[in-house]
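Per-entry structural report
Okay, here's what each chain looks like letter by letter:
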Amino acid sequence: MSLVYIPVFSEAFEEFNWWTGKYLDYQNCLVSYYYARNRNIREEFNMQKAFVIGDSGGYQAITQNVDINPMQVMKWAERNKNNYQMILDRPPFQAGGVSFGQKFPVELFNQCMEITASNGEKMVEIRQDKEVKLFGIIQGETLNEIKKWHERLEQNVKYDGIALSVKPAYNPIINAIYLAYAIENIDKPIHTLQISGANTLPVLAYATKFLKFDITTDSSAFAQGNISRKYMIPFSYQIEGFTIGNSREINLIEQLCDCNICKTYSIEDMKNNGRLISLHNLNYMIKKVKFLNILAKDSALFKEFVNRNCSTKTIEAIRFIDLAKEKGVDKAYKQIIEKQKSLSAFT
């Protein structure tokens, strides 16, 4: 199995996009209900061939104080013919208050778990088009919380796939805990939310060795080209880059990269259009994931690469997955995580 990169859509890429083949020919996309709830994105943006995952907008419902209900999300998903749709989750934190990385009250966790499970059950009940598959979503920070949330989530219904809301997403160890649990307990497609870091992607790629389905992961990191003019250096594994455009003077006369975008457009073009930088960045991310998928087929070479290029936390995360596969996730968790007394040692 392999890791599949899913870029997050925004209307900034209506003209300069990656799914029609004009600039790139990459037929994967994640679209949020919150941003596209009044639109038919397949028709408007010529996405007839694209593999589309729908995000429910649960995060924005909290942070933007927007009223979103399961029926709205399910009808939108069917109207847009999303291949997969995430259920409307309720992340266990409050806007401006408790967030992941801080210990949230048990009452809040339980309340959010029940709301998420109830929303998912409603979406399963009202779904009319079975071609639109549903991702249930698991939240939590510890193994016990992950177990508890998953058990409640599929207590009354079964989903076509499971999405893992790893927080903090940049932490390789937390990613490994979720993935080791999934390897042992989830026999269906897996999606991870907002994972794209150089120290976390290898953990996902390695985990695919032990699964029967691909892992999909969404990210908007490439869009920093349009947001802040960040240009990702093509020959660096770590996601390094520098600013092109805005107030910075760039005196390069040749492109640093031979991707289709950089062969078609000049540095001057990119200075004046951050969306072109984003497409270059996306090409870089696609190649990075492909590289990891190829390398992961040889465990010895993969681990040698990780040891040379990634953080000690990534090395520990790979070791955790191996130990969980050998002894079970519970024993691995006790041996590696609980010995640290708290997860703070890994954050």
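So, here is what we can say about the structure in this document. (Residues numbered from 1 in each chain as written. Predicted model: local features only at pLDDT ≥ 70, side-chain atom pairs only at ≥ 80, totals over all residues. Heavy atoms only, no water.)

1. Some thoughts on the overall build of the protein
Across its full length, the protein holds 15 helices and 10 strands. Against the 2.2 N^0.38 benchmark of 20 Å for 347 residues, the protein shows a C-alpha radius of gyration of 20 Å, consistent with a compact globule. Over its C-alpha atoms, taken along the principal directions, the protein stretches across nearly 60 × 45 × 40 Å. Relative to its full complement of 347 residues, the protein shows a buried share of 55%. Of all intrachain contacts in the protein linking residues separated by at least 6 positions in sequence, the fraction that spans at least 24 positions is 69%. When the accessible surface of the protein is totalled, it reaches about 15700 Å², and 47% of it is carbon and sulfur. Computing the positive centroid from 42 side-chain charges and the negative centroid from 38, the protein places the two 3 Å apart. (Helix = DSSP H or I, 4+ residues; strand = E, 2+ residues; numbered from the N terminus. Rg over C-alpha atoms; globule rule 2.2 N^0.38 Å. Buried < 20%, exposed > 50% of the residue type's maximum accessible area, 1.4 Å probe, protein only. Contact = heavy atoms within 4.5 Å. Areas by Shrake-Rupley, 256 points an atom, 1.4 Å probe, with all protein chains shown as cover. Lys, Arg positive; Asp, Glu negative; His and termini not counted. Charge placed at Lys NZ, Arg CZ, Asp CG, Glu CD.)

2. Here we look at helix 4 (residues 70-79)
Inspection of helix 4 places Pro70, Val73, Met74, Trp76, Ala77 and Glu78 among the buried residues, and these make up the whole buried set. Summarising the contacts, the buried residues of helix 4 are in contact with strand 2 (28-32), helix 1 (33-36), strand 3 (51-55), strand 4 (84-86), helix 5 (106-126) and strand 5 (133-138). Its side-chain oxygen at 3.0 Å from the backbone nitrogen of methionine 71, asparagine 69 defines the N-terminal cap of helix 4. Looking one or two places after helix 4, you find lysine 81, whose phi comes out positive at around 55°. (Polar contact = N/O pair within 3.5 Å; in protein donor to acceptor, adjacent residues only side chain to side chain.)

3. Observations regarding the sheet that holds strand 5
Strand order across the open sheet formed by 8 strands is 1-8-7-6-5-4-3-2, with parallel pairing between neighbours. At either end of the open sheet lies a strand with only one pairing partner, and these are strand 1 (3-7) and strand 2. Across the sheet, the axes of successive neighbouring strands diverge by a mean angle of 25°, strand direction being ignored. Direction of pairing for strand 3 relative to strand 4: parallel, over a ladder of 2 bridges. Among the inter-strand pairings, glycine 54 is bridged to a residue of strand 4, identified as glutamine 85. Packed onto the sheet, helix 4 meets strand 2, strand 3, strand 4 and strand 5 and runs at close to 165° relative to strand 4. (Pairing = 2+ DSSP bridges. Axes fitted to C-alpha atoms, helices over the stretch in contact; angles between N-to-C directions.)

4. Re the environment of glutamate 107
With respect to the helices, strands and loops of the structure, glutamate 107 is situated in helix 5. Spatially, the C-alpha atom of glutamate 107 lies 9.7 Å from that of proline 92, the residues being 15 residues apart in sequence.

5. Looking at the environment of alanine 324
In this fold, alanine 324 is placed in helix 14 (residues 312-327). Residue classification places alanine 324 among the buried positions, given a relative accessible area of 7%. What alanine 324 contacts, discounting residues up to four positions off in sequence, is Ala180, Glu184, Val329 and Ala332.

6. Describing the side chain of asparagine 175
You can see asparagine 175 is positioned in helix 7 (residues 172-185). The contact partners of asparagine 175, leaving out residues within four places of it in the chain, are Val166, Pro168, Ala169, Ile195, Thr200, Val203 and Leu204.

7. Comments concerning the pairing of strand 6 (residues 161-164)
Residue alternation in strand 6 divides its side chains into two sets, Gly161 and Ala163 and Ile162 and Leu164, and both sets are buried. Traced from strand 5 through helix 6 (residues 143-153) to strand 6, the parallel crossover comes out right-handed. As paired strands, strand 6 and strand 7 (residues 190-192) are joined by 3 bridges and run parallel to one another. The residue of strand 7 that forms the bridge with isoleucine 162 is isoleucine 190. A crossover connection joins strand 6 to the parallel strand 7 through helix 7; in handedness this β-α-β unit is right-handed. (Right-handed = clockwise from strand over helix to strand, strands pointing away.)

8. Section: the pattern of salt bridges
Using the criterion set out here, one finds 11 salt bridges in the structure. Measuring nitrogen to oxygen at the nearest pair gives 2.3 Å for the salt bridge that ties lysine 147 to aspartate 330. A residue pair is termed long-range when its members are at least 10 positions apart, and lysine 147 in helix 6 and aspartate 330 in helix 15 (residues 329-337) qualify at 183 residues. With a relative accessible area of 21%, lysine 147 lands in the partly exposed category. The shortest N-O distance in the salt bridge between arginine 308 and glutamate 304 comes to 3.1 Å. One end of the pair, arginine 308, and the other, glutamate 304, are both in helix 13 (residues 299-309), 4 residues apart, so they sit about a helical turn from each other. One continuous salt-bridge network, built from bridges that share partners, spans Glu114, Glu121 and Arg152. (Salt bridge = Lys/Arg side-chain N within 4 Å of Asp/Glu carboxyl O.)

9. Quick word on the packing of aromatic side chains
Following the criterion strictly, the structure yields 16 aromatic pairs and no others. Between phenylalanine 291 and phenylalanine 305, the aromatic rings sit 5.1 Å apart at their centres with planes inclined by 65°, giving edge-to-face as the arrangement. Taken together, the positions of phenylalanine 291 in helix 12 (residues 274-295) and phenylalanine 305 in helix 13 put the pair 14 residues apart, joining distant regions of the chain. Relative accessible area serves as the criterion here: at 37%, phenylalanine 291 is assigned to the partly exposed category. Using a relative accessible area of 14% as the deciding quantity, one classes phenylalanine 305 as buried. Among the aromatic residues, those joined into a cluster by ring pairs are Phe9, Phe13, Trp18, Trp19, Phe45 and Phe222. Seen from the ring of tyrosine 34, arginine 37 lies directly overhead, with NZ or CZ sitting 5.0 Å from the centre. (Phe/Tyr/Trp six-rings, centres within 6.5 Å; stacked < 30°, edge-to-face > 60°. Lys NZ or Arg CZ within 6 Å of the ring centre and 35° of its normal.)

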